[in-house]
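Coordinate analysis (summary)
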Amino acid sequence: MTQHHPTEEYLLHHAAGALPEGQALLVAAHLTFCPECRETVRQAEALGGAFLEEDAANPVDVVAALARFPFDLPPEAPQVAPAAAPISDIPLPLQPYMGARLSGIRWRTFWPGMQTVRIHTKSDPAADVSLLRLASGKGMPIHTHGGDELTIVLHGSYTDETGQYSVGDVATADPTLTHRPIADAGGHCVCFTVIEAPLKFASPWARLAERFLFR
Amino acid sequence: MTGKPITADEDAAAVRARLTVLLRAVGERRDRVAFTEIFTHFAPRVRGYLGRLGATPIEAEEIAQDVMVTVWRRAELFDPAQASASTWIFTIARNRRIDAIRRQRRPDFDPNDPIFVPDPEPAPDAALQTATRENRLHAALKDLSDDQRALLQQAFFAGKSHSEIAAATKLPLGTVKSRLRLAFVRLRKALEGDV
Ligand SMILES: [Zn+2]
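Just so we're clear, the structure is a prediction, and the values are computed from it rather than from any experiment. (Residues numbered from 1 in each chain as written. Chains lettered and ligands numbered in written order. Predicted model: local features only at pLDDT ≥ 70, side-chain atom pairs only at ≥ 80, totals over all residues. Heavy atoms only, no water.)

As a further point, take helix α4 (residues 85-102) of chain B. All names here are of chain B. The first and last C-alpha atoms of α4 sit 26 Å apart over 18 residues, in line with the 26 Å expected at 1.5 Å per residue. Most of α4 sits out of view: 15 of its 18 residues are buried. Among the residues trailing α4, R103 stands out with phi positive, at a value near 55°. (Helix = DSSP H or I, 4+ residues; strand = E, 2+ residues; numbered from the N terminus. Expected span 1.5 Å × (residues − 1). Buried < 20%, exposed > 50% of the residue type's maximum accessible area, 1.4 Å probe, protein only.)

Structure follows, in structure tokens:
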């Protein structure tokens, strides 16, 4: 069971269809693990349904629209589970962006004990979306953010000033938070991260590394 | 119950129940008469929704037609235990709009995902519960002040961010956030039957 959830604002905007692609991916990944947040999204969708029902009628020539309606199109077959589900450790909504296995990812070393790979979203190529891999016991340099940073753990766990985060948990860091996530003992930790604006690193060496490696 | 006057809410609840029956008829036996009624009810509303989100009249008409075609072809998947007809059609309209803008599918979880964590077992009368909950939601929505309703509509129906709403209403961002939060908490309580 996940312990840390995206804020309600993200869940509601996901239900409204208003999240940018990177954030929508992260929320969809969390919903894979979290029945509780799926319920919140369902409630927000019911609200969307209620507003749809109330919306003052917008004139449509129903007779003409129905006259050219393609009644002959066959039903779309309900989706069925694949016969033998391939082994994967990445939530399905993320797989088009990074494949089905974390072991298949080609990392770039960013900092001792920390590797990263940039994820390119299709609708917004400039969006700051990436995967991070922290070696056991290793941390990211201390950093703050220019904008909200959303992180979901895909493998292992890490701890920072705000608590411990395991698979499926989401951390939301706002620009006022300076934090230092450290991967817990016993294995490496992989996170999927979306940042509204680039990180600001406290150490000049980290800033230098960022300039050469992060982009 | 005899002699009790029918209130506007009860009327609306009856319409909602009827739309659910009609959509089931479309799903179970591709009932064209039932679909005609569904189309007449929802096509103008879907078009209004798309227009509200900035689609041109031509785009709104095209996407609305596409939404209704999807409703016709996928009605078999409609499950009254999960959502009312209007909620189900809202999610299709929302997804189709994103498909049209981004030319790709809206990211969502997949219950067939091998690592999916399933819901607790649904109650045996889930369909009835869903209908009751949604009727309560409509009633609670009517009880909100016009200002609260307008804010909610901007945020969750028109998809505006909190800062966009703050700019448009000239309210401080913190006020927008706290008012929305209060309004949504009230609606959730209504949905959970906790009023
Ligand atoms: Zn959650």
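Here the narrative resumes.
The subject of this paragraph is helix α2 (residues 21-33) of chain A. Because an α-helix completes one turn every 3.6 residues, residues spaced three or four positions apart along the sequence face the same direction. Over its 13 residues, α2 of chain A extends 19 Å from the first C-alpha to the last, a length consistent with the 18 Å expected when each residue adds 1.5 Å. α2 of chain A sits mainly inside the fold: 13 of its 13 residues count as buried.

The next thing to look at is the coordination of the zinc ion. Residues and elements named next belong to chain A. Coordination of the zinc ion by the protein involves H5 (ND1), H30 (NE2), C34 (SG) and C37 (SG), with metal-donor separations of 2.0 to 2.3 Å. Around the zinc ion sit four donor atoms, and with donor-metal-donor angles ranging over 102 to 113° the site reads as tetrahedral. Sequence positions of the donors to the zinc ion reduce to the motif H-x24-H-x3-C-x2-C. Of this pair, H5 sits in the segment before α1 (8-16) while C34 sits in the loop between α2 and α3 (35-54), and the two are 29 residues apart along the sequence. C34 sits in the buried class, given a relative accessible area of 2%. (Donors = N, O, S within 2.8 Å, 3.2 Å for Na, K, Ca; no water. Tetrahedral: all angles 85-135°; square planar, octahedral: opposite > 155°, others 65-115°.)

For any part of a model where pLDDT is low, the fine detail of the predicted coordinates should not be relied upon. Residue-level pLDDT values for chain B average 88, and 94% of them are 70 or greater. For this predicted complex, the interface confidence comes out at an ipTM of 0.90, alongside a pTM of 0.88. (pLDDT = per-residue confidence, 0-100.)

Right, let's talk about the packing of α1 of chain A against α3 of chain A for a bit. All names here are of chain A. One way to put it is that α1 packs onto α3 with a least axis distance of 8 Å and a crossing angle of 50°. As summarised for this structure, α1 and α3 are arranged oblique, according to the angle between their axes. In terms of crossing hand, the pair formed by α1 and α3 is right-handed. Here E8, L11, L12 and A15 of α1 come into contact with α3, specifically with C37, T40, V41, A44 and E45. Taken together, the residues that form the contact of α1 with α3 break down as six nonpolar, one polar and two charged. (Axes fitted to C-alpha atoms, helices over the stretch in contact; angles between N-to-C directions. Parallel < 35°, antiparallel > 145°, perpendicular 65-115°, else oblique. Left-handed = near helix turned anticlockwise from the far one by under 90°. Contact = heavy atoms within 4.5 Å. Nonpolar A, V, L, I, M, F, W, Y, C, P; charged D, E, K, R; others polar.)

Residues and elements named next belong to chain B. For chain B, the domain assignment lists domain 1 (12-105) and domain 2 (124-192). Look at where the C-alpha atoms of domain 1 and domain 2 centre, and you get two points 22 Å apart. For the domain 1 face of the interface with domain 2, the top three residues by lost area are R16, R52 and A81, together amounting to 49%. Inspection of the region where domain 1 meets domain 2 yields zero salt bridges. Summed over the shared surface of domain 1 and domain 2, the result is five residue pairs in polar contact (both at pLDDT 80 or more). Elements that contribute at least two residues to the side of domain 1 that touches domain 2 include exactly α1 (8-29), α2 (32-52) and α4. Tallied by class, residues from the side of domain 1 that touches domain 2 come to seven nonpolar, three polar and two charged. (Domains from an automatic or database assignment. Buried area = accessible area lost by both parts, 1.4 Å probe. Salt bridge = Lys/Arg side-chain N within 4 Å of Asp/Glu carboxyl O. Polar contact = N/O pair within 3.5 Å; in protein donor to acceptor, adjacent residues only side chain to side chain.)

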